[in-house]
Amino acid sequence: MSETDEPRRGTPAGHVSAPPHAFGPARHLRSRAKVLPEHARGHNRALVLQTLYHSGSMSRADLSRETGLTRVTISDLVAEFIADGIVVELGVRETVGPGKPPILIDIDRTGHQIIGLDLSDAEVFRGAVLSLDGDVIERREVARPAPSDADAAYAAVQTLSRELVGAATATLLGVGVGTPGVVRTDGVVLSSPNLGWTDLPLEAQLGRDLDLPVLVRNDANAAVLAEYTFGEARSDFVLIKIGFGVGAGLISGSQPLVGSRFAAGEIGHVVVGTDGGPRCVCGRDGCLEAWLSVARLREEIDAHPAQREAILRDAGARMAIAVAPIVTALDLSEVVLSGPADLLGGVFIDSATDTLRARTLEGVFDDVVIRLTRQDDIVLRGTAVMVLSGQLGVS
């Protein structure tokens, strides 16, 4: 759905002749936790909502067949969801022949909205009111404060959040934030030098200020969720986000990888090569971020336009040098790139593909694909997945 499209609205009565929005393949981010008997109800709730979210409207009987749950269990859960305002009845399905036509149900996609924030841009903080399907309904942005001004950065986030809350036209399911830096699973930003944040409990603090559920994750980890849920990615891939900095999000076996230090995917400050290189903001020479940041690539191309192809070929090769050990260690199928297509398409991808194949075991990793994402607003859409997963168990 584009920003100008009318959102689909459920029909409380009457006939439904065409199936409403069916989102895509029903894939769920796998949990490492074993489902214990005392957790079974929560597991069943998430299974039902996951099925409805991805498959679109269906009858209770359809839902029972799809999930393998009994009709009694489905009836109880659906009644609970309807009472909570999560699921709505859309009307009866047109049928031919005898028998009472079934009533179609679906997640109330127009009755709830999500606020998403993307703090990864070099110049602005971006935000949006999003539908449950990850479509942007309303946009806002505020200027990014001076680097390392921690208080000003939080004040800008708070201002942007409040504007978006005021712009929402339906009940808010929650707020998702994608921020650069190392972020703990409880939403504490352990380190974000460009924003001046150290050990900032952003999730808890913003949640108190807005009086809403808030989830905070690293921006690349948010982006990888958007690619997994809304995109074409497989169940094992790495997403490399190239912009103001360079970061990666990882999914292996449908399981997001965060790491014991909450720093999985922090590849921007891996030194690539032994030939020195441009000075990085961290003080070292030759970090991947120093080679690949969008600002650096554009500056180099503007200064040496005749060498554009050589600059991008070198950048693609250096990215592959950093990524090759990750691909081989985790046996990944895809490397997905998020960033400006005019820089990362074509020669950049060709060079990265050639280098990856040259640096991995021949005949084993030759089929690894390096491609650009088709996702727009990938961090914002990823924050929607964060909220959906956190609030409804949907991914």
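That block above? That's the structure.
**Quick word on the overall build of the protein chain**
Right, so step 1: Within the protein chain, the regular secondary structure consists of twelve helices and 17 strands.
Right, so step 2: Taking all contacts inside the protein chain whose residues are at least 6 apart in sequence as the whole, residues at least 24 apart take part in 64%.
Right, so step 3: Looking at the protein chain as shown, the accessible area adds up to about 17,800 Å², and 51% of this sits on carbon and sulfur atoms.

**A word on the sheet that holds strand 14 (residues 246-252)**
Right, so step 1: One open sheet holds the five strands; their spatial order is 15-14-13-16-17, and the pairing between them is mixed. With partners counted over all chains shown, the strands left at the sheet margins are strand 15 (255-257) and strand 17 (369-372), one partner each. Each strand of the sheet is rotated relative to its neighbour by a mean of 25°, with strand direction disregarded.
Right, so step 2: Of the pairings in the sheet, the one linking strand 13 (residues 237-242) to strand 14 comprises six bridges and is antiparallel in character. Note on strand 14: the bridge partner recorded for leucine 239 is glycine 249.

**So, helix 9 (residues 308-330)**
Right, so step 1: In this model helix 9 runs 33 Å from its N-terminal to its C-terminal C-alpha over 23 residues, within 8% of the 33 Å that 1.5 Å per residue would give.
Right, so step 2: If you look at helix 9, its biggest bend is around 40°, right at valine 323, and the proline proline 325 turns up within four residues after that.
Right, so step 3: Backbone geometry just after helix 9 places aspartate 331 at a positive phi near 55°.

**Considerations on the side chain of threonine 383**
Right, so step 1: Here threonine 383 lies in helix 12 (residues 378-392).
Right, so step 2: Classification of threonine 383 as buried rests on a relative accessible area of 0%.
Right, so step 3: Contacts of threonine 383, omitting those with residues within four sequence positions, involve Gly116, Leu117, Leu130, Gly176, Val177, Gly178 and Ala222.

**What about the packing of helix 1 (residues 40-55) against helix 3 (residues 71-84)?**
Right, so step 1: Two elements in contact, helix 1 and helix 3, have axes separated by 11 Å at closest approach and are oriented at 75°. The angle between the axes of helix 1 and helix 3 places the two elements in the roughly perpendicular class. Between helix 1 and helix 3, the contacting residues are Arg41, Asn44, Arg45, Val48 and Leu49 on the first element and Thr73, Ile74, Leu77, Glu80, Phe81 and Asp84 on the second.
Right, so step 2: A per-class count over the contact of helix 1 with helix 3 returns five nonpolar, two polar and four charged.

**Description of unusual backbone geometry**
Right, so step 1: Phi is positive for aspartate 199, close to 55°, though the residue is something other than glycine.
Right, so step 2: Mapping aspartate 199 onto the fold places it in strand 11 (residues 197-200).
Right, so step 3: A positive phi angle is found at aspartate 331, which is not glycine, with a value near 55°.
Right, so step 4: By the secondary structure assignment, aspartate 331 is in the loop between helix 9 and strand 16 (334-338).
Right, so step 5: For aspartate 331, a relative accessible area of 49% translates into the label partly exposed.

**A look at the nonpolar core**
Across soluble globular proteins, nonpolar side chains show a tendency to be buried alongside one another.
Right, so step 1: Counting 44 residues, the largest nonpolar core has Val48, Leu49, Leu52, Leu63, Ile114, Phe237 and Leu388 as the members making the most contacts within it.
Right, so step 2: Element by element, the count of residues in this core is highest for helix 12, at nine residues.
Right, so step 3: Once residues within four sequence positions are removed from consideration, phenylalanine 237 is found in contact with Val224, Glu227, Tyr228, Gly249, Leu250, Ile251, Leu332, Glu334 and Val336.

**A closer look at helix 5 (residues 202-210)**
Right, so step 1: Every buried residue belonging to helix 5 is among Leu202, Glu203, Leu206, Gly207 and Leu210, and all of these are buried. What you see down the axis of helix 5 is that its buried residues fit within an arc of 120°, all on one side.
Right, so step 2: Buried-residue contacts for helix 5 involve strand 5 (112-118), helix 4 (150-167), strand 8 (171-179), strand 10 (189-192), strand 11 and strand 12 (214-218).
Right, so step 3: Downstream of helix 5 by a residue or two, aspartate 211 has a phi angle that is positive, lying close to 55°.

**Re the environment of leucine 337**
Right, so step 1: Looking at the element boundaries, leucine 337 is found in strand 16.
Right, so step 2: Exposure remark for leucine 337: the relative accessible area of 0% places this residue in the buried category.
Right, so step 3: In this view, leucine 337 contacts Ile240, Met319, Leu344, Phe348, Ile349, Ile370, Arg371, Leu372 and Thr373; residues no more than four positions away in its chain are not counted.

**A look at the packing of helix 2 (residues 60-67) against helix 3**
Any two packed helices are characterised by the angle at which their axes cross and by the distance between the axes.
Right, so step 1: The contact between helix 2 and helix 3 brings their axes to 9 Å, and the two run at 120°. Between helix 2 and helix 3 lies a crossing whose hand is right-handed. Along its contact with helix 2, which presents Arg60, Ala61, Leu63, Ser64, Arg65 and Thr67, the element helix 3 presents Arg71, Ile74, Val78 and Ile82.
Right, so step 2: Grouping the amino acids of the contact of helix 2 with helix 3 by side-chain chemistry returns five nonpolar, two polar and three charged.

**Side note on the packing of aromatic side chains**
Right, so step 1: Throughout the structure, instances matching the rule amount to zero aromatic pairs.
Right, so step 2: In this arrangement the basic side chain of arginine 318 is found over the ring face of tryptophan 291, its NZ or CZ atom lying 3.7 Å from the centre.
Right, so step 3: Positioned over the ring face of phenylalanine 230 is arginine 381, at 4.2 Å from the centre of the ring.

**Thoughts on the pattern of salt bridges**
Between side chains of opposite charge, a pair can form as their charged atoms come close.
Right, so step 1: Evaluation of the coordinates by the stated rule reveals 24 salt bridges.
Right, so step 2: Linking glutamate 227 and arginine 371 is a salt bridge whose minimum nitrogen-to-oxygen distance equals 3.0 Å. Highlighted residues: glutamate 227 in helix 6 (residues 219-230) and arginine 371 in strand 17, separated in sequence by 144 residues. We note that glutamate 227, like arginine 371, is buried.
Right, so step 3: When the shortest N-O distance is used, the salt bridge between arginine 374 and glutamate 232 registers 2.8 Å. In this pair, arginine 374 is assigned in the loop between strand 17 and helix 12 and glutamate 232 in the loop between helix 6 and strand 13, connecting sequence segments 142 residues apart.
Right, so step 4: Taken together, the salt bridges that share partners define one network made up of Arg41, Arg45 and Glu80.

Calculation rules
- Residues numbered from 1 in each chain as written.
- Predicted model: local features only at pLDDT ≥ 70, side-chain atom pairs only at ≥ 80, totals over all residues.
- Heavy atoms only, no water.
- Helix = DSSP H or I, 4+ residues; strand = E, 2+ residues; numbered from the N terminus.
- Contact = heavy atoms within 4.5 Å.
- Areas by Shrake-Rupley, 256 points an atom, 1.4 Å probe, with all protein chains shown as cover.
- Pairing = 2+ DSSP bridges.
- Axes fitted to C-alpha atoms, helices over the stretch in contact; angles between N-to-C directions.
- Expected span 1.5 Å × (residues − 1).
- Bend = angle between axes of the 7 residues up to and from the residue.
- Buried < 20%, exposed > 50% of the residue type's maximum accessible area, 1.4 Å probe, protein only.
- Parallel < 35°, antiparallel > 145°, perpendicular 65-115°, else oblique.
- Nonpolar A, V, L, I, M, F, W, Y, C, P; charged D, E, K, R; others polar.
- Core = buried A, V, L, I, M, F, W, Y, C linked by side-chain atoms within 4.5 Å.
- Arc of directions from axis to C-beta.
- Left-handed = near helix turned anticlockwise from the far one by under 90°.
- Phe/Tyr/Trp six-rings, centres within 6.5 Å; stacked < 30°, edge-to-face > 60°.
- Lys NZ or Arg CZ within 6 Å of the ring centre and 35° of its normal.
- Salt bridge = Lys/Arg side-chain N within 4 Å of Asp/Glu carboxyl O.

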